[in-house]
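A look at the structure
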Amino acid sequence: GQQVMQIPQYQHVQEGEDFTTYCNSSTTLSNIQWYKQRPGGHPVFLIQLVKSGEVKKQKRLTFQFGEAKKNSSLHITATQTTDVGTYFCAEARLTGGGNKLTFGTGTQLKVEL
Amino acid sequence: DAGVIQSPRHEVTEMGQEVTLRCKPISGHDYLFWYRQTMMRGLELLIYFNNNVPIDDSGMPEDRFSAKMPNASFSTLKIQPSEPRDSAVYFCASSALGRGTYNEQFFGPGTRLTVL
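The following refers to the structure shown. (Residues numbered from 1 in each chain as written. Chains lettered and ligands numbered in written order. Predicted model: local features only at pLDDT ≥ 70, side-chain atom pairs only at ≥ 80, totals over all residues. Heavy atoms only, no water.)

What follows covers the pairing of strand β1 (residues 4-7) of chain A. Residues and elements named next belong to chain A. What you see with β1 is a clean split: Val-4 and Gln-6 sit on the buried side and Met-5 and Ile-7 on the side with no burial. Pairing analysis gives four bridges linking β1 to strand β3 (residues 19-25), with the strands arranged antiparallel. Across the sheet, Ile-7 pairs through a bridge with Tyr-22, a residue of β3. (Buried < 20%, exposed > 50% of the residue type's maximum accessible area, 1.4 Å probe, protein only. Helix = DSSP H or I, 4+ residues; strand = E, 2+ residues; numbered from the N terminus. Pairing = 2+ DSSP bridges.)

We now examine unusual backbone geometry. Residues and elements named next belong to chain B. Cis geometry is found at the peptide bond from Ser-7 to Pro-8, where omega equals -10°. Mapped onto the elements of the fold, Pro-8 is located in the loop between β1 (5-7) and β2 (10-13). Geometrically, the link from Gln-80 to Pro-81 is a cis peptide bond, its omega value of -5° lying close to zero. Of note, Pro-81 is situated in the loop between β8 (74-79) and β9 (88-95). Not every positive phi belongs to a glycine, and Asn-52 is a case in point at roughly 75°. Here Asn-52 lies in the loop between β5 (42-50) and β6 (53-56).

Our next topic: the state of the cysteines. For the coordinates displayed, the defined rule picks out two disulfides over all chains. Here Cys-23 of chain A connects covalently by a disulfide to Cys-89 of chain A, the sulfurs 2.0 Å from one another. Across the disulfide from Cys-23 of chain A to Cys-89 of chain A, rotation about the S-S bond amounts to roughly 75°, and the bridge is consequently right-handed. Of the two residues, Cys-23 of chain A sits in strand β3 while Cys-89 of chain A sits in strand β9 (residues 85-95), which places them 66 residues apart along the sequence. Take Cys-23 of chain A and Cys-89 of chain A: they sit in the same class, and that class is buried. One disulfide bridge connects Cys-23 of chain B with Cys-92 of chain B, the sulfur atoms lying 1.9 Å from each other. Measuring the twist about the S-S bond at about -65°, one finds the Cys-23 of chain B-Cys-92 of chain B disulfide to be left-handed. One end of the pair, Cys-23 of chain B, is in strand β3 (residues 19-24); the other, Cys-92 of chain B, is in strand β9, with 69 residues separating them in the sequence. (Disulfide = S-S within 2.5 Å.)

Adjacent strands of a sheet form backbone hydrogen bonds with each other and so pair up, either parallel or antiparallel. Residues and elements named next belong to chain B. Ordered in space as β1-β3-β8-β7, the four strands form an open sheet in which the pairing is antiparallel. Two strands bound the open sheet, and with one partner strand each, they are β1 and β7 (65-71). For this sheet the average axis-to-axis angle between neighbouring strands, irrespective of direction, equals 15°. Bridge count between β3 and β8: five bridges; the pairing is antiparallel. If you follow Cys-23 over to β8, its bridge partner there is Ser-75. (Axes fitted to C-alpha atoms, helices over the stretch in contact; angles between N-to-C directions.)

What follows concerns the pairing of β7 of chain B. All names here are of chain B. Two elements, β7 and β8, share five bridges in a ladder whose sense is antiparallel. Each bridged residue has a counterpart across the sheet, and for Ser-66 the counterpart in β8 is Lys-78. Hairpin remark: β7 followed by β8, antiparallel, with two residues in the connecting loop.

So this is what it looks like as structure tokens:
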């Protein structure tokens, strides 16, 4: 079945450094949603990308959807300790009017002072 | 709105016992999802409902797992009998009707289940 792979699996950075996680699929993705899960917490929706080549920004976070819609990336500029957590991409497939999410494997980010 | 509510937050039980997890979705949301999260398998969709009707239960591991949604404000996930390999965090999530668009899912705080 459809698998969405994320790299890297883990990333340790010093506060102030940049961070990027990549989401890759062997097949064309209909869309991408990004979620963040803090340690001990639950996934929280960050953003959704639908169009080929789409780029969206949220403060220090930049989200991109590849031209071929087979990959996506999340880039954080100047990481802060509040960025700690696991970042998941997920493909949402429309089924009967709703979304069925297939989550990527996630990238765990640790930020050190 | 209080968001998605799950209970209990933690459950420790012995192998062979029945476990029931509960979820109250956000009012007005038409879709309800049950997920399981483990280190080995990540976040897995178990089953989801649309307007209280189960739509896709292909992710339910085996017959020991069952889920119900008797009304729009309540759902249960039951494991009977439980086994140690069922130990995981179980999340409930809800979303509004898509109407042809992709909608975000709102997750509850999860239930951490430990089966001894």
